[in-house]
Amino acid sequence: MPELLPLFRAYPRLAEKIPYESFPMLPSPAHRLNGLSSEAAAELYIKCDDAIGARYGGNKVRKLGFLLASARKDGVDTVLTFGAAGSNHALATAIYAREMGLRSISMMVPQPVAHSVRKNLLRGLAAGVEFHHYGGLSAVAMGTALVFAGRAARMAGFPRVIPTGGSSPVGILGFVNAAFELRDQVEAAIVPLPDAIYVASGTMGSAIGLLLGTQLAGLRIRIESVRVTAGKFTSMERGRQLFAGTNQLLHEAEPDIPLLQFPEERFTIREGFLGPQYALYTEEGMAAVRLAKALDHVTLEGTYTGKAMACLLDDARTGKLAGKRALFWNTYNSVDFADEIADLNYHNLPEAFHRYFEEEVQPLDR
Ligand SMILES: *Cc1c(COP(=O)(O)O)cnc(C)c1O
């Protein structure tokens, strides 16, 4: 029997109402970033979600523990999800769906070419994912998806649609639990209570789960949600909706959990680190990637975590963290899967994906 999730320990009745699969390897480690702390003259810590899955890590694994459990409980045999071509979320979904005997379909939109996109596509191929590539417009995307879902419904039972990034209220529970997990680690003196958490914000589920979770767990922590995607995925309006929706889900399952006001003073969307567009690497982001590697042996990347770390380091350098403690939430996978893709050929992917292997990678990824 795996240990009970901290969220379920805090609210035992939730465990009876909310399905959960315990493949995420939790708690994730947390520790001080000694090198970066000296470099930036600040007290910096890290929460290491990078290896929380045996086959693939990163923040999506926390969400999938709830999302896939819910799919299984409802008896579906296929999950359908969305992402950019190199999506870590789509890949994590494919890998853990397969482990649970579920089929998975990924609907993908274009993104700039990078080595990580190639690797993720091949790993998806190894996981047996059914890939579809389509143009960028969200209306078109939704239409395509629903048509496809309808077709799949007639073929093999209706698939469970998991939104981009896994950021539905059910998925966000993974990050509500993460806040309770952090509280345990603070109480055990593994890390001190941080004043702020810095987290890359794509579809906002990680940041909003941490915001709601820290409020419920009684932790006074600011969430610095660093924008890495354009408007529609990261916005205050969306943040409020996700917060309320997840709070409502918890309240319905356990009336002892109060319905909270959105804590404006504890939450900021940080602008200025995205660069020209999603998944296009920036000079500051890549400098942060190199520094984290050199000083603390932490592996970050250019789409999400490098940009979030650039924000944290900028705050440290401009004195905003003077006398404060900051915790960087590492949301990126560090499980090596080179062996699984060594013998795979991209020609086995649908043709629309071949360009990711035939065009040169973006300049800052060379
Ligand atoms: C998806 C992802 C994020 C963003 O998480 P959201 O919950 O969608 O905001 C951050 N970092 C990495 C590495 C990711 O793959």
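This report concerns the structure included in the present document. Note that the structure is a prediction, hence the values are computed from the model and not measured.

The next thing to look at is the packing of helix H11 (residues 283–296) against helix H12 (residues 305–317). To characterise two packed helices, one gives the angle between the axes of the helices and the distance between these axes. Contact geometry for H11 and H12: axes closest at 8 Å, N-to-C directions at 85°. When the axis of H11 is compared with that of H12, the two are roughly perpendicular. Contacts from Glu284, Gly285, Ala288, Val289 and Leu291 in H11 reach Gly306, Lys307, Met309, Ala310, Leu313 and Arg317 in H12. Classifying every residue of the contact of H11 with H12 by side-chain character gives six nonpolar, two polar and three charged.

In this structure, Arg98 sits in helix H5 (residues 88–99). In this structure, the C-alpha to C-alpha distance between Arg98 and Thr78, residues 20 residues apart in sequence, is 9.7 Å. Ignoring sequence-local partners within four residues, the contact set of Arg98 consists of Ala126, Ala127 and Gly128. There is a polar contact of 3.4 Å between the side chain of Arg98 and the backbone oxygen of Ala126.

The next thing to look at is the packing of aromatic side chains. Taken as a whole, this structure holds twelve aromatic pairs when the rule is applied. Ring geometry for Tyr56 and Phe337: centres 6.1 Å apart, planes at 50°, overall tilted. With Tyr56 in the loop between strand E2 (43–48) and helix H4 (60–73) and Phe337 in the loop between strand E10 (325–330) and helix H13 (338–341), this pair connects stretches of sequence that are 281 residues apart. The exposure classification of Tyr56 matches that of Phe337, with both residues buried. Lying across the ring of Phe175, Arg62 places its NZ or CZ 5.7 Å from the centre. Taking the ring centre of Tyr356 as reference, the NZ or CZ of Arg355 above it sits at 4.4 Å.

At a closest axis distance of 9 Å, the pairing of helix H8 (residues 169–187) and helix H10 (residues 236–253) adopts a crossing angle of 85°. It follows from the interaxial angle that H8 and H10 lie roughly perpendicular. Mapping the contact onto sequence places Pro169, Val170, Ile172, Leu173 and Val176 in H8 and Leu242, Gly245, Thr246, Leu249 and Leu250 in H10.

Tallied over the entire structure, the rule returns 20 salt bridges. Note that Asp49 is salt-bridged to Arg62, the shortest N-O span being 2.7 Å. Of this pair, Asp49 sits in the loop between E2 and H4 while Arg62 sits in helix H4, and the two are 13 residues apart along the sequence. Judged by relative accessible area, Asp49 falls into the buried class, the value being 0%. A residue is classified by how much of its surface remains accessible, and Arg62, at 1% relative accessible area, is buried. The closest approach of N and O atoms between Glu264 and Arg240, which form a salt bridge, is 3.2 Å. In this pair, Glu264 is assigned in the loop between H10 and strand E9 (267–270) and Arg240 in helix H10, connecting sequence segments 24 residues apart. When its relative accessible area of 42% is taken as the criterion, Glu264 is described as partly exposed. Here Arg240 falls in the partly exposed class, since its relative accessible area comes to 36%. One network of salt bridges, with partners in common, ties together Arg222, Glu224, Arg270, Asp315 and Lys320.

Procedures and definitions
Residues numbered from 1 in each chain as written. Predicted model: local features only at pLDDT ≥ 70, side-chain atom pairs only at ≥ 80, totals over all residues. Heavy atoms only, no water. Axes fitted to C-alpha atoms, helices over the stretch in contact; angles between N-to-C directions. Helix = DSSP H or I, 4+ residues; strand = E, 2+ residues; numbered from the N terminus. Parallel < 35°, antiparallel > 145°, perpendicular 65-115°, else oblique. Contact = heavy atoms within 4.5 Å. Nonpolar A, V, L, I, M, F, W, Y, C, P; charged D, E, K, R; others polar. Polar contact = N/O pair within 3.5 Å; in protein donor to acceptor, adjacent residues only side chain to side chain. Phe/Tyr/Trp six-rings, centres within 6.5 Å; stacked < 30°, edge-to-face > 60°. Buried < 20%, exposed > 50% of the residue type's maximum accessible area, 1.4 Å probe, protein only. Lys NZ or Arg CZ within 6 Å of the ring centre and 35° of its normal. Salt bridge = Lys/Arg side-chain N within 4 Å of Asp/Glu carboxyl O.

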